[in-house]
Amino acid sequence: MTLFKKVLIANRGEIAVRIIRACRELGIKTAAVYSDVEKDALHVRLADEAVCIGPAHSSQSYLNIPAIISAAEITDAEAVHPGYGFLAENPHFAEACMTSGITFIGPSSENIRLGGDKAKARQIMKRRGVPVVPGSDGPLQDEEAALKIIKKIGVPSILKASAGGGGKGMRIIYDEKNLEQAYHMAQREALAAFGNGELYIEKYIPEMRHIEVQILADDTGSVIHLGERDCSIQRRHQKLIEESPYVFSNRQFRKKIGELAIKVARAMKYKNVGTVEFIVDNGNIYFMEINTRIQVEHPVTEMITGIDIVKEQIKLAAGEPLSYKQHDVKFSGHSIECRINAEDPEKFTPCPGKITSFILPGGPGVRVDTAAYSGWVVPAHYDSLIAKVITHGKDREEAVARIQRALNEFIIEGIKTTLPFHMKILDDPDFLKGNFNTGFLEKNKNTVK
Ligand code: MV4
């Protein structure tokens, strides 16, 4: 089996750099794409060549399908890696690549479509015997249908958008008399955000842990998992800190959640890398959704397994079989990631601008994934993620001590960042005990801002 000679990276920032690194190690040439305001970006410098694909606004550059397909054709790239965000979960883009004879480094367009239809994915998994939270069987026809289900499952319940993600089109119902209004508000919000107002309903689980499982699947139908990640520390549906393993994980828990994730992958004939998200509540595990992309937090899994997920992803897309069997996957120690954003650490408003000083942390067990450097101007047009600090230790205590040390070493001047916010969370006694859930930041908003 021969790998690609050249890959086009249809993304920017730290993930574009991450993908270039994987390609280099595999001996694959890289072509970057960039917008008008990013000619000095690190991904442009590190790639073998780069093509400008349009104006700063992402709708005209990083989301511009014809421009990206043209860039792949001009550079003679055989494959396109979409990274995360932008076109990564757009089934039309995956199809456009195929039609142009370019390999999309990711799952099939059918996989992407089902991942984006959360009501249908839930319905299919429920029918296949994967546990889901009590709620609707597929999408809701109208608020009458929602009321019938609430009568059965009770309140609190949560309305979610089928096309959702990022919390848009979500409403918690504490009293059925508010259902009608909540239904219309959620529907309107979903329609505005996704062009699709379809909703489904679930029992609301107030103290949930958001636990997800990394999976790898090849063209022959072999599927393995790389263990779980705890992503419960989020703010406004943005994950801020992720870790692996889950603090209360053990061999039995990992086997159980890992096998459920594999069952989900098989039920949809999944190919390539993906993440199955679960709600964990008091030891109960429920399927929530499947993400059909490489995720921001993939490094914590790489740190504890030693497996380069991006290299595996590229090899899988080239048609290679999995290089590991489940029993080859060995888990070692603990890893934590903090997402550092160019934002005000108290108000979380974006703070783009020129970085005047940028000095990285280092030493044992520290990894930093970033595309920033001293003198770089953080553009206002894109995601405010500027660096991921990831540590590994023999246990959680060592991983925590290392990330506390790393955040203290990290010097970023010229712009505000969320570094101080992370240092506060990492000092919180409940965080240190592993005593948190998705409500952590809301509950502690007076002490941990
Ligand atoms: C839930 C939930 C409780 N019960 N589902 C889904 C997307 C993710 N970003 C948040 N999600 C949740 N899904 C059930 N069945 C709790 C959340 C949730 C949440 C919901 C509303 C407002 C804030 C939230 C913060 C974290 C998690």
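Note that the structure is a prediction, hence the values are computed from the model and not measured.

Visitor: Any details on the environment of Gly 138? Residues and values, ideally.
Guide: Position of Gly 138 relative to the elements: it lies in the loop between helix H6 (118-127) and helix H7 (143-153). On the basis of relative accessibility, which here comes to 1%, the residue Gly 138 falls in the buried class. For the pair Gly 138 and Glu 78, spaced 60 residues apart in sequence, the C-alpha separation works out to 38 Å. Ignoring anything within four residues of it in the chain, the contact list for Gly 138 reads Ala 119, Gln 123 and Tyr 200.

Visitor: Can you explain the sheet that holds strand S6 (residues 157-161)? Please cite residues and give values.
Guide: The strand order across the open sheet built from three strands is S7-S6-S8, with neighbouring strands paired in antiparallel fashion. The sheet is open, and its two edges are formed by strand S7 (171-173) and strand S8 (199-203), each paired on a single side. Within this sheet the neighbouring strands show an average axis-to-axis angle of 25°, counted without direction. Where S6 meets S8, five bridges bridge the pair, whose relative direction is antiparallel.

Visitor: An account of the layout of surface pockets is requested, with residue identities and associated values reported.
Guide: Estimated volume of the second largest pocket: approximately 290 Å³. When contributions to the lining of the second largest pocket are tallied by element, the ones reaching two or more residues are helix H4 (91-99), strand S5 (103-104), helix H5 (109-115) and helix H11 (309-317). With three residues, H4 is the largest single contributor of residues to the lining of the second largest pocket. When its residues are assigned to classes, the lining of the second largest pocket shows eight nonpolar, five polar and five charged.

Visitor: Before we move on, could you go through the site of the ligand and cite the residues and values that matter?
Guide: Residues in close proximity to the ligand total 13 residues, the closest being Lys 160, Glu 202, Lys 203, Ile 205 and His 237. One nitrogen or oxygen atom from the main chain of Ile 205 is found 2.8 Å from a nitrogen atom belonging to the ligand. Sorting the residues of the shell around the ligand by element identifies S6 and S8 as the ones contributing at least two each. Split by residue class, the shell around the ligand holds seven nonpolar, three polar and three charged.

Visitor: Lay out empty space enclosed by the protein in plain terms, naming residues and giving numbers.
Guide: According to the stated counting rule, one finds one cavity of 30 Å³ or more in the structure shown. Its boundaries defined by the atoms lining it, the largest cavity holds a volume of some 30 Å³. Across the lining of the largest cavity, the residue classes break down as six nonpolar, five polar and one charged.

Scoring rules and cut-offs
- Residues numbered from 1 in each chain as written.
- Predicted model: local features only at pLDDT ≥ 70, side-chain atom pairs only at ≥ 80, totals over all residues.
- Heavy atoms only, no water.
- Helix = DSSP H or I, 4+ residues; strand = E, 2+ residues; numbered from the N terminus.
- Buried < 20%, exposed > 50% of the residue type's maximum accessible area, 1.4 Å probe, protein only.
- Contact = heavy atoms within 4.5 Å.
- Pairing = 2+ DSSP bridges.
- Axes fitted to C-alpha atoms, helices over the stretch in contact; angles between N-to-C directions.
- 1 Å grid on protein atoms, 1.4 Å probe; cavity = no way out; pocket = protein on both sides within 12 Å on 5 of 7 lines; lining within 4 Å.
- Points joined across faces, edges and corners; volume = space filled by probe spheres on them.
- Nonpolar A, V, L, I, M, F, W, Y, C, P; charged D, E, K, R; others polar.
- Near = heavy atom within 4 Å.
- Polar contact = N/O pair within 3.5 Å; in protein donor to acceptor, adjacent residues only side chain to side chain.

Everything listed here is a matter of geometry and, on its own, says nothing about what the molecule does.
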